[in-house]
Every structure is written in C-alpha cells, then in structure tokens.
Amino acid sequence: MGGVGHGAWAAAQSRALSTPARARPLAEDLPAHFVAWDVLLHPQHGDVQARRYDDRRALLVDPLQEYDVKPPIQLVPMTDDPTVAMTWYQQLPEQGIEGIVAKRATSAYKASRIWKKIRHAETVEADVVGYTGSAARPRALAVRLPDGRIALTQSLKAPLAAQVAVHFTASGPPRSARTRAGDTYTTVAPGLVVEVLAGTTRHAVVTVTRLRHLE
C-alpha cells in the first residue's frame with residue numbers, strides 16, 4: 001500500500017502545461033518533488049511489466065539506496081502492514097494527502113486498473129464561478145467549495161460540458177481570474193450549481209458528478 005501523492009494537483013498541472021518561458025519561474029514559485037510509483041522498463045532487465053509488483057518495487061529501491069538519492073527524488077511510501085496503512089489513511093490528510101492506494105504484491109502491471117484508491121472525499125454542492133477552455137467547449141469548471149476556496153475540477157465529460165456551455169455563452173463579456181494555485185479561468189455570471197465529489201484535503205481533486213440547477 002502506498003500513500004497517494006501530495007495533492008497540489010492544480011499547481012502540478014499548471015507547471016506541466018506551461019510554456020518553456022514560464023517553466024523556470026514556475027519551478028521557483030511552485031517547487032515539486034518527483035515521486036516514483038512503479039517501474040515498467042528497466043535499463044538492465046528491459047520490460048518488467050510481467051514481474052510481480054514487489055519485484056518491480058525492489059528494482060526501484062535498490063538504485064536509490066545504492067546512490068543515496070534524496071528528495072526531491074523519492075519513492076512513494078509503501079507498507080504491507082494494515083495497521084500502518086490505516087494510520088496513514090487517518091493522519092495524512094492533515095498534510096494534504098488524499099488517501100492510500102492498495103495493490104497486490106503479486107500483481108503484474110496491466111493496462112486495466114488493478115489497484116484500488118481509498119480516499120477521503122464527500123459529495124457537496126458548489127457554485128460555478130468560471131471555466132477553462134472556451135464558452136462553447138469548456139474543459140473544466142472553476143467552483144467555489146463550501147470552505148470558500150476556488151478550485152478547478154477535472155476535465156468535463158462531453159454531455160456535461162454541453163449542458164453548462166449554454167449558461168456560459170449567455171454570461172456576457174469574459175473576464176479572467178486566477179485561483180490561489182495560479183490557474184487562470186474565465187469568470188461567469190452566478191447561478192450555476194453543480195454537485196462535485198471533492199476531497200477533504202486542501203489540494204484534493206474535484207470531480208463534477210452532475211449539474212444541480214440554475215438559480
């Protein structure tokens with residue numbers, strides 16, 4: 001079992017999608033760690049996807065220990081002790097970590113999901129304050145969560161994007177704004193409410209589940 005990564009996903013996406021000119025200042029403003037989860041191709045052993053997970057894990061651990069590699073390059077923590085895993089699950093949200101991932105030690109790597117995410121999340125209503133992409137084809141929503149923070153959701157599925165686009169195209173002249181993480185979005189007139197699955201940690205992923213209503 002390994003802890004799900006430290007969850008400043010919006011900031012990570014901001015860096016990943018940046019232009020070369022913005023990459024250096026973003027790296028200074030939003031420093032990141034590289035956390036290794038798994039290895040699929042090894043320089044000596046080639047394709048190791050068919051090996052057990054605990055064997056693949058050893059292939060990651062050995063060189064990092066041999067060369068005494070320290071953060072910002074590190075391994076995701078792992079344990080086979082259920083008590084330790086439960087302690088992580090209960091305590092790590094205070095550090096912005098959303099949950100844990102469970103994998104079988106004997107499992108080979110497959111394209112289909114063979115692990116289970118166990119995370120802190122709850123379904124809540126959120127006011128839509130903006131969007132990314134175009135008004136006619138929004139990619140994600142900017143929503144105000146019950147705690148007052150504004151967060152970008154994950155990418156919208158096509159049917160929901162079409163529903164909210166009707167509201168956006170009638171919202172008047174577009175205006176840009178930014179979240180605290182630095183992500184830019186276009187503001188919209190109030191009145192659109194969605195139901196979201198929002199993690200309970202500060203940087204958790206926010207997923208829209210359905211359109212609730214237009215006020």
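All figures in this text were calculated on a predicted structure; none of them were measured in a lab.

Engineer: How do you make sense of the overall build of the protein chain when you look at a structure like this?
Structural biologist: Counting its regular elements, the protein chain contains five helices and 14 strands. With 215 residues in all, the protein chain has 37% of them scored as buried. Split by element, the accessible area of the protein chain, about 13400 Å² in all, is 53% carbon and sulfur.

Engineer: Mind showing me how you'd approach the environment of G99 here?
Structural biologist: Of note, G99 is situated in strand β6 (residues 99-102). Measuring from C-alpha to C-alpha, the distance between G99 and A85 comes to 9.7 Å, with 14 residues separating the pair along the chain.

Engineer: Is there a simple way to think about the pattern of salt bridges in this case?
Structural biologist: Once the charged atoms of two side chains with opposite charge are near each other, the side chains can pair. Inspection of the entire model under this criterion finds five salt bridges. For the salt bridge of K103 with D38, the shortest nitrogen-to-oxygen distance reads 3.9 Å. Here the residue K103 occupies a position in the loop between β6 and β7 (116-119), and D38 occupies one in the loop between β2 (34-36) and β3 (41-42), the gap between them amounting to 65 residues. For K103, a relative accessible area of 26% translates into the label partly exposed. As a salt-bridge pair, D54 and R52 come within 2.6 Å of each other at their nearest N and O atoms. Under the relative-accessibility criterion, R52 is labelled partly exposed at 36%. If you follow the salt bridges from partner to partner, you end up with D38, R56 and K103 in one network.

Engineer: Whenever I open this one, the nonpolar core confuses me. Can you help?
Structural biologist: Soluble globular proteins: nonpolar side chains tend toward being buried together. Residues V128, L141, V143, L145, F168 and V196 are the most contacted members of the largest nonpolar core, which totals 21 residues. For F168, the contacting residues outside a window of four places in its chain are V128, G130, Y131, A135, P138, L141, V188 and L192. If you look at the next biggest cluster of nonpolar residues, it comprises seven residues, including A36, V48, L60 and V61.

Engineer: Would you mind going over the side chain of R56 with me for this structure?
Structural biologist: Note that R56 resides in helix α3 (residues 53-66). A distance of 3.2 Å separates a polar side-chain atom of R56 from the backbone oxygen of S107. Apart from the residues within four sequence positions on either side, R56 is in contact with D38, V39, V48, Q49, R51, S107, A108 and Y109.

Engineer: When you look at the pairing of strand β9 (residues 138-144) in this model, what are you seeing that I'm missing?
Structural biologist: Working note: regular strand, side chains alternate between the two faces of the sheet. With five of seven residues buried, β9 is to be regarded as a mostly interior element. Two elements, β9 and strand β10 (residues 150-152), share three bridges in a ladder whose sense is antiparallel. Across the sheet, residue V143 finds its bridge partner in β10, namely A151. A loop of five residues connects β9 with β10, the two strands running antiparallel in sequence, and G148 in this loop sits at a positive phi of about 95 degrees.

Engineer: Is there a simple way to explain the confidence of the model for the protein chain in this structure?
Structural biologist: The predicted model of the protein chain averages 83 in pLDDT, with 84% of residues at 70 or higher. Within the protein chain, no element has a lower average pLDDT than strand β1 (residues 2-3), which sits at 38, and none a higher one than strand β4 (residues 46-47), at 96. For residues 1-6, every residue scores under 50 in pLDDT, and the model assigns this stretch 29 contacts once sequence neighbours within four places are set aside.

Parameters at a glance
- Residues numbered from 1 in each chain as written.
- Predicted model: local features only at pLDDT ≥ 70, side-chain atom pairs only at ≥ 80, totals over all residues.
- Heavy atoms only, no water.
- Helix = DSSP H or I, 4+ residues; strand = E, 2+ residues; numbered from the N terminus.
- Buried < 20%, exposed > 50% of the residue type's maximum accessible area, 1.4 Å probe, protein only.
- Areas by Shrake-Rupley, 256 points an atom, 1.4 Å probe, with all protein chains shown as cover.
- Salt bridge = Lys/Arg side-chain N within 4 Å of Asp/Glu carboxyl O.
- Core = buried A, V, L, I, M, F, W, Y, C linked by side-chain atoms within 4.5 Å.
- Contact = heavy atoms within 4.5 Å.
- Polar contact = N/O pair within 3.5 Å; in protein donor to acceptor, adjacent residues only side chain to side chain.
- Pairing = 2+ DSSP bridges.
- pLDDT = per-residue confidence, 0-100.

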